[in-house]
Amino acid sequence: MSGILRLAASSSARTVLKPSAGLVRSAGLHRHAIQQSSKPNLTVSSSSKLFSRPSRAALFPASSIAQQRAAYHDDGAYGYRVPKVYSMPDYTPEELANRVDNANLLRLVIGYRTHGHLAADLDPLDIVKRQKVLALDAERYALTDEAKSYNLSGILHVNQSKSSAEAKEEASLKTVVAHLEKSYCGKIAYEFMHIPNASERRWFAHEVESYQKPPITPDDKQRIFELLTKSEVFDHFMGKKFAQVKRYGLEGAESMMVALDALFQTASKAGVTEAVLGMPHRGRLNLLTDLMQYNPTALFSKVKGNPEFPINLPASGDVLSHIANSPKLDYGEAEPIHVSMLHNPSHLEAVNPVAMGKARAKQMDLIANSSPECQLGDKVMCVQLHGDAAFTGQGVVMESLGLSNLPHFTSGGSVHIVVNNQIGYTTPAQNARSSVYSSDIGKMINAPVIHVNGDHPEEVVHAMRLAFEYRNKFRKDVILDLIAYRRWGHNELDEPAFTQPLMYNNIRARKSVPKMYEEKLLAENVITKSAIDEFRQDYFEKLEDDFSEIDSFKPEADHLEDKWKGMILPTETVSRLDTGVSKEAMTKIAQASIASPSDFEIHPRLEKFHVQSRLKKLKDGQSIDWATAEAIAFGSLLKEGYDVRICGQDVGRGTFSQRHAMLVDQKTERVHIPLNAMSESQGHLEVANSSLSELAVLAFETGMSYESPKMLNIWEAQFGDFFNSAQVTIDTYVASAETKWLRQSGLVMLLPHGYDGAGPEHSSCRIERWLQMTNDSFDVKDPSIKANTNMHVVNPTTPAQYFHLLRRQMKRDFRKPLIVVGPKTLLRLPTATSSLEDMAPGTTFEPILGDTKTEEDPSLVEKVLFVSGKLYYDLIKERQTKGADEKVAIVRVEELSPFPKEGLKQQIETYSGAKEFTWIQEEPQNGGAYSFMEPRIRQLLPENKSLGYIGRDPSAAPATGIAIVHRKESADILAKAFRL
């Protein structure tokens, strides 16, 4: 067995993935000094601190593109982060004059920079015949004399020789054209002229035109050979052992392994210590076992049908192509690079924003605990792999790219690798996209694109290093378009020739990428045929050994490690915690929540109705509204060392102008976040007003919540039903990640809900859907069944209840998503308030709130109404009007899931003499909580009782859009409620 195989086989050894000096390009640094004026001089501009509060923050200057827009007025707020900026001086007067004198030559050079990719040799299959690109014809620019010499100053960089990167002052037209052909029309091609930033364009052109590719040493070639060959051997082994398994192998695109290895090497050399990797199914198993150090025995055991977790853990597991691993890859640097590979659902590209969010969370944590010199993207890198059809077809890609440069979402640039199979399932490119390349979607954020022919792995290494160097220099997204093919169909059981006979005739006649590279090394005398055969045989035998250990293999759980130590995997989630805070502390926090600097000019209406109103309420501790209770909850958690991030559209102010967590100076538009100025030792509140996106933004917050249990992540929908744009993330991550992957999340979703005449799309947060997504037991009478639901769905009716929910979310020793059916009209309803006493020590969230009016003599009660949400306030008002205070009890169900069995059971026993038990709701009968609550409450009722229903009739739309109909429906509900 070869040395590298022995290292891979040893689980106890620290595997060192040895890069050679030649393979790792000097990351973040030019390989040569830039001396001549035609070479761009880069000036770094950055500040040493990141803003949070004046004494604890650092602010990176906005990029030149951002400077062309209106000033972003929260650049002083915590979490506002933009990368360092590299700027370059303009052309000198002499260079400008030469560009005028040799304008036609300049036009030719620009033609190659802009259109050279169209003539490049990029397609391994050569399916689309390359046509002559007129923009590359020198004669079109009246350049006909090949021997004529031209001054290149300010126009083009041509190296003096193969050994020197010094620029020639002059060169013949023949030399110029040959250099441009070599630079722009080979196995690697570039698109960067669409970038609006002149410094970036100049840097990119200089890199391409002056680039002396470092020699690929024999050790480098051995490394590439091993990666390619191991991938192929693995696929062949899987085909032999598991012929009927859909493994979505990498055959045809094995250079993906080389690209990722080169990326991790180069990033590690540059000082990156954390990489977050999101990828789809194609090639995942190859990557896991060959580079990501996943135990092949564990993989084979899973294929055999065994669980990937210990059998005693409450996990349903997931399919083979969604497995993940997070190794530390040691490339011989001071610190290994930790690669966090994320679990992915089958919904293509859905993992992208999750990876971005997790990378952002890692960035924030490192910034807070590093020296002031630590800048955005220094230590953490987000890597996203895509399929060509999905990258151009899935809307989440556009939404995610739209977040990439936003100050509260960026993590210093993602490296995108499009594994381009030139087909989507069975759909050819001409039916799959309207653009030339699948990577064209990246141009919406002006990302440069590097195309490379996947049949040439050494060129893939060069392309990948340049991609990383751009990302590391400018801290923006970059795309590597790895053009390859898929040797089999969508999976190994498909017959692709049904729909692509010519393509697959071509593919089946081709040697594999590993075989072609082996032949190249043989021709170069780098390796012998016997060494190749021995390596293949050794690795195959290693896989056989791994396969033979399936029966004795015992899986281990990898959850609750690192930052999650101290958390538990709960067996029951019904818990009563004292989440109260002292009145003195609450008063101070509430006062701090509206304080502003002496030179800060607040809007006069806010001064009156927000600041002064809050101060007035604090004097007697009564009539505490929802926004005040929320601010106190946030502030109390910050004082205890937790961080809080609230994100969504207009969350700083709040959709209903209720929150005002950020104040804006009326003269300067300077932003002040009062809760970040309480003390030096507190946590941070990040107020992240998001783009007009739900899917990517919610997924981003979900990714952030996976990184650490110490941050309260909140996503607020503008209106409750807007969550449905993010349903993929909710189904595949929020609702099921713990069940599938043992990954906990404490994400809070605030969904404004309530029937107030706003119409079909602004009334309902679809409570019924959330309850359907829970795994709450239908059997509520069996005492052995513990309430341990996948998420909590609550509908609080008082500010104090909301306060306790937010604090409970962080004070428990486990994390569950919290779905809050949030208030709209209740935000300002005088009767929907709380006192400081309701939030004082000894208080907690109550899943059931009984009726204080009827509890004194429950024997008088004839009818019990179970209600959830704001309808309660209409009911108590109507009950008083009807004089039915003693006859009708109104019981509030504040927590819908986990089903509050004990509280409801107690209420039913209290009113055991009642004639009627009824569930009442604003929503249609096929919506709301009725269909969830009815079969469960029915089990708790006396045998001779049933649960009645009062509410709107079943409806296809959540609510009517006709005002008079809405009013009549509401009146009918109240009339039926008190009909005895």
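- As recorded by an unreviewed UniProt entry, the protein chain carries the name Transketolase-like pyrimidine-binding domain-containing protein and is attributed to Linnemannia hyalina.
- Quoted verbatim from the Sequence similarities (unreviewed entry) heading of the UniProt record, the comment on the protein chain is "Belongs to the alpha-ketoglutarate dehydrogenase family."
- The heading Cofactor (unreviewed entry) in the UniProt record of the protein chain holds the text "thiamine diphosphate".

1. A word on the pattern of salt bridges
Inference 1: Overall, the coordinates contain 55 salt bridges when judged by the stated rule.
Inference 2: With a closest N to O distance of 3.2 Å, E274 and K362 form a salt bridge. With E274 in strand β8 (residues 274–278) and K362 in helix α11 (residues 351–368), the pair connects residues that are 88 residues apart, well separated along the chain. Here E274 and K362 have matching classes, each one buried.
Inference 3: Ionic pairing is found between E686 and R360, a salt bridge with its closest N-O pair at 2.7 Å. With E686 in strand β20 (residues 685–689) and R360 in helix α11, this pair connects stretches of sequence that are 326 residues apart.

2. Quick word on the packing of helix α5 (residues 173–184) against helix α6 (residues 198–210)
Inference 1: For the pair α5 and α6, interaxial distance at closest approach is 9 Å and the crossing angle is 105°. By the criterion of interaxial angle, the relationship of α5 to α6 is roughly perpendicular. Contact residues: α5 offers H179, S183 and Y184, while α6 offers A205, V208 and E209.
Inference 2: Residue composition of the contact of α5 with α6, by class: three nonpolar, two polar and one charged.

3. Thoughts on the environment of Q666
Inference 1: Note that Q666 resides in the loop between β18 (663–664) and β19 (671–672).
Inference 2: Along the chain, Q666 and D378 lie 288 residues apart, while their C-alpha atoms are 36 Å from each other.
Inference 3: Of note is the side chain of Q666, whose polar atom sits 3.0 Å from the backbone oxygen of V664.

4. Some details on the environment of Y539
Inference 1: Along the chain, the position of Y539 falls in helix α18 (residues 529–548).
Inference 2: When its relative accessible area of 1% is taken as the criterion, Y539 is described as buried.
Inference 3: Put simply, Y539 and E226 are 313 residues apart on the chain and 9.8 Å apart in space, counted from C-alpha to C-alpha.
Inference 4: Here D290 takes part through its side chain, which lies 2.6 Å from a polar atom of the side chain of Y539.

5. Some thoughts on a negative patch on the surface
Inference 1: On the surface, a cluster of negative charge is made up of E855, E856, D857 and E886.
Inference 2: With respect to the element layout, E855 can be found in the loop between β25 (848–849) and β26 (863–867).
Inference 3: By relative accessible area, which is 37% here, E855 ends up partly exposed.

6. Focus on the sheet that holds strand β10 (residues 337–341)
Inference 1: Sheet architecture is open: eight strands sit in the order β7-β15-β16-β12-β11-β8-β10-β9, paired in mixed fashion. Strand pairing shows two members of the sheet lacking a second neighbour, β7 (188–191) and β9 (328–329), which therefore form its edges.
Inference 2: Judged from the six bridges that link them, strand β12 (residues 414–420) and strand β16 (residues 478–483) form a sheet pairing that is parallel. Residue pairing in the sheet places I417 in a bridge with L480 of β16.
Inference 3: The sheet contacts of helix α15 (residues 457–474) involve β7, β11 (380–387), β12, β15 (449–453) and β16, and relative to β15 the element is tilted by about 170°.

Procedures and definitions
- Along each chain, residue indices are assigned from 1 in the same order as the chain's sequence is written.
- Two thresholds apply to this predicted model, a pLDDT of at least 70 for residue-level local features and 80 or more for giving and counting side-chain atom pairs, whereas whole-chain, interface and lining totals are computed over all residues.
- By convention in this description, side-chain values take in all heavy atoms of the structure and omit both hydrogens and water.
- UniProt positions are given in the numbering used here, feature names are shortened, and annotations may be inferred rather than shown by experiment.
- Any carboxyl oxygen of Asp or Glu within 4 Å of a side-chain nitrogen of Lys or Arg constitutes a salt bridge here.
- Secondary structure elements are taken from DSSP: a helix is a run of H or I of four residues or more, a strand is a run of E of two residues or more, and numbering for both begins at the N terminus.
- Accessibility here uses a 1.4 Å probe with only protein chains present; expressed as a share of the type maximum, an area under 20% marks a residue as buried, one over 50% as exposed, and anything in between as partly exposed.
- Axes here mean lines fitted to C-alpha atoms, for a helix over just the part in contact, with angles spanning 0 to 180 degrees between N-to-C directions.
- For classification purposes, angles smaller than 35 degrees are called roughly parallel, those larger than 145 roughly antiparallel, those between 65 and 115 roughly perpendicular, and all remaining angles oblique.
- Any two residues whose heavy atoms approach within 4.5 Å at even a single point are treated as in contact.
- Residue classes follow a fixed rule: Ala, Val, Leu, Ile, Met, Phe, Trp, Tyr, Cys and Pro count as nonpolar, while Asp, Glu, Lys and Arg count as charged, and any other residue, Gly among them, counts as polar.
- N or O atoms closer than or at 3.5 Å make up a polar contact, with two conditions inside protein: a donor-capable atom paired with an acceptor-capable one, and, for residues adjacent in sequence, both atoms drawn from side chains.
- To count toward a patch, a residue needs a relative accessible area above 30% and no salt bridge. Like charges then connect within 9 Å, nonpolar side chains (Val, Leu, Ile, Met, Phe, Trp, Tyr) within 5 Å.
- Note on areas: these come from Shrake-Rupley sampling with a 1.4 Å probe, and a residue is covered only by the protein chains present in the view.
- Positive charges come from Lys and Arg alone, negative charges from Asp and Glu alone, with His and the N- and C-terminal ends not counted.
- For the purpose of locating charges, the reference atoms are NZ of Lys, CZ of Arg, CG of Asp and CD of Glu.
- Paired strands are those between which DSSP finds at least two bridges.

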